[in-house]
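# Observations on chain architecture
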Amino acid sequence: MSFLHPSGTIIDLGVNIDHVATLRNARGTRYPDPIRAALLAEQAGADCITLHLREDRRHIKDADVIALAPQLLTRMNLEAAVTQEMIDFACKIRPADVCLVPEKRTEVTTEGGLDVAGNFNAVQAAVRQLQAEGIRVSLFIDADEAQMDATIAVGAPVIELHTGRYADTEGAEQEAELERVRRGVLYGASKGLKVNAGHGLHYTNVQAIAAIPDIAELNIGHAIVAHSVFVGWENAVREMKAIMVSTRLGRK
Ligand SMILES: CC(=O)[C@@H](O)[C@H](O)COP(=O)(O)O
Ligand SMILES: NCC(=O)COP(=O)(O)O
């Protein structure tokens, strides 16, 4: 069992700062500043900073992305929908990573994975445009072999498996979802994809996902922001990273 992913780390934590911006936007104040949260998260052990520029700008704003990009010491993973507006914006910012995600304006949060197979031409065009700017493209998909095959066909080297159904279920249903993620990780890694995972992970459900050896990175946001209310932002980041690494190393 390999503890070191080819990228040379035990397992990466991408801290998603969306809901720091949610709190800021609740009153239209300048605080809490998502940029400050990102820089402190890096100091507390985040391996990258993830932020989702939604079409309705309900949390992260264009100005947040523009301000953060030159200040990050790790790397930016910008999440965006497959629209020309978002792809053009991402090409201007040129983050290390762009993760293409599905978006429905009415959704409370992301509800499922990107249908790469069903939107092949549009996804392929977006991947090509981003890669032409030197951006590494990740596709946020369900743990489905057909979607992984389509990912390879459009030329994206990274997937992020949607763990929302695993997070939102219990008992036998959750076990079945966990097995689906495990099989998806094995399939994706066997095809040479960098396999990440995320959505709905928190301090007591992350362990089973972090234990899956070929997962390179977990992107986690809502639970870290929530926990930080009680333990502080940097402690919440440190705690999550420590759980992930100790789980991966098989330590209690
Ligand atoms: C794609 C995904 O699962 C999240 O990164 C996404 O950002 C969720 O959207 P909200 O942050 O708006 O809940
Ligand atoms: N892609 C998942 C992500 O960035 C964070 O999702 P969540 O932890 O806020 O559910």
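Criteria and thresholds
Residues numbered from 1 in each chain as written. Chains lettered and ligands numbered in written order. Predicted model: local features only at pLDDT ≥ 70, side-chain atom pairs only at ≥ 80, totals over all residues. Heavy atoms only, no water. Near = heavy atom within 4 Å. Polar contact = N/O pair within 3.5 Å; in protein donor to acceptor, adjacent residues only side chain to side chain. Areas by Shrake-Rupley, 256 points an atom, 1.4 Å probe, with all protein chains shown as cover. Nonpolar A, V, L, I, M, F, W, Y, C, P; charged D, E, K, R; others polar. Patch = residues over 30% accessible without salt bridge, like charges linked within 9 Å, V, L, I, M, F, W, Y side chains within 5 Å. Salt bridge = Lys/Arg side-chain N within 4 Å of Asp/Glu carboxyl O. Lys, Arg positive; Asp, Glu negative; His and termini not counted. Charge placed at Lys NZ, Arg CZ, Asp CG, Glu CD. Helix = DSSP H or I, 4+ residues; strand = E, 2+ residues; numbered from the N terminus. pLDDT = per-residue confidence, 0-100. Buried < 20%, exposed > 50% of the residue type's maximum accessible area, 1.4 Å probe, protein only. Pairing = 2+ DSSP bridges. Right-handed = clockwise from strand over helix to strand, strands pointing away. Axes fitted to C-alpha atoms, helices over the stretch in contact; angles between N-to-C directions. Contact = heavy atoms within 4.5 Å.

Near ligand 2 you find Asn16, Thr50, Glu79, Phe140, Glu160, Gly198, His199, Gly200, Asn219, Ile220, Gly221 and His222, and these make up its full shell. Within the contact set of ligand 2, a nitrogen atom lies 2.9 Å away from a side-chain nitrogen or oxygen of Glu79. In this structure, Glu160 approaches ligand 2 through a side-chain N or O atom, which is 2.6 Å from a nitrogen atom. In isolation ligand 2 exposes 310 Å². Once the protein is present, 91% of that is buried. Residue composition of the shell around ligand 2, grouped by class: 2 nonpolar, 8 polar and 2 charged.

A word on a negative patch on the surface. Taken together, the side chains of Asp115, Asp144, Glu145 and Asp149 define an acidic patch exposed on the protein surface. Relative to the assigned elements, Glu145 resides in helix H6 (residues 145-154).

Asn16, Asp18, His19, His52, Arg54, His59, Glu79, Val101, Thr109, Thr110, Phe140 and His199 make up every residue found near ligand 1. Taking Asn16, its side chain carries an N or O atom lying 3.3 Å from an oxygen atom of ligand 1. Between Thr109 and ligand 1, the recorded distance is 2.6 Å, taken from a side-chain N or O atom to an oxygen atom. Looking at the shell around ligand 1 residue by residue, the class counts come to 2 nonpolar, 7 polar and 3 charged.

The pLDDT averaged across the protein works out to 95; a share of 96% of its residues lies at or above 70. Taken together, the chains of this predicted complex give a pTM of 0.96 and an interface ipTM of 0.97.

Glancing now at the pairing of strand E4 (residues 97-100). Side chains of E4 alternate between two faces, with Asp97 and Cys99 and Val98 and Leu100 buried alike. Alignment of strand E3 (residues 76-80) against E4, held across 4 bridges, turns out to be parallel. Paired with Ala80 across the bridge in E4 is Leu100. Since E3 and E4 lie parallel, the crossover through helix H4 (residues 84-93) that links them has a hand, and here it is right-handed. You can see the chain leave E4, run along helix H5 (residues 120-131) and come back into strand E5 (residues 136-141), and the turn it takes is right-handed.

Our next topic: the environment of Ala176. As for its position among the elements, Ala176 is in helix H8 (residues 171-190). Note on Ala176: relative accessible area 45%, which makes it partly exposed. In this structure, the C-alpha to C-alpha distance between Ala176 and Arg24, residues 152 residues apart in sequence, is 38 Å.

So, on to the sheet that holds strand E8 (residues 215-220). Around the barrel, 8 strands lie side by side as E1-E2-E3-E4-E5-E6-E7-E8; this closed barrel has parallel pairing. The mean angle between the axes of side-by-side strands here comes to 25°, regardless of whether they run parallel or antiparallel. Of the strands in this sheet, E4 and E5 touch H5, which is tilted by about 150° from E5. Each of strand E1 (12-16) and E8 touches helix H11 (residues 233-248); the most contacted strand, E1, lies at about 150° to it.

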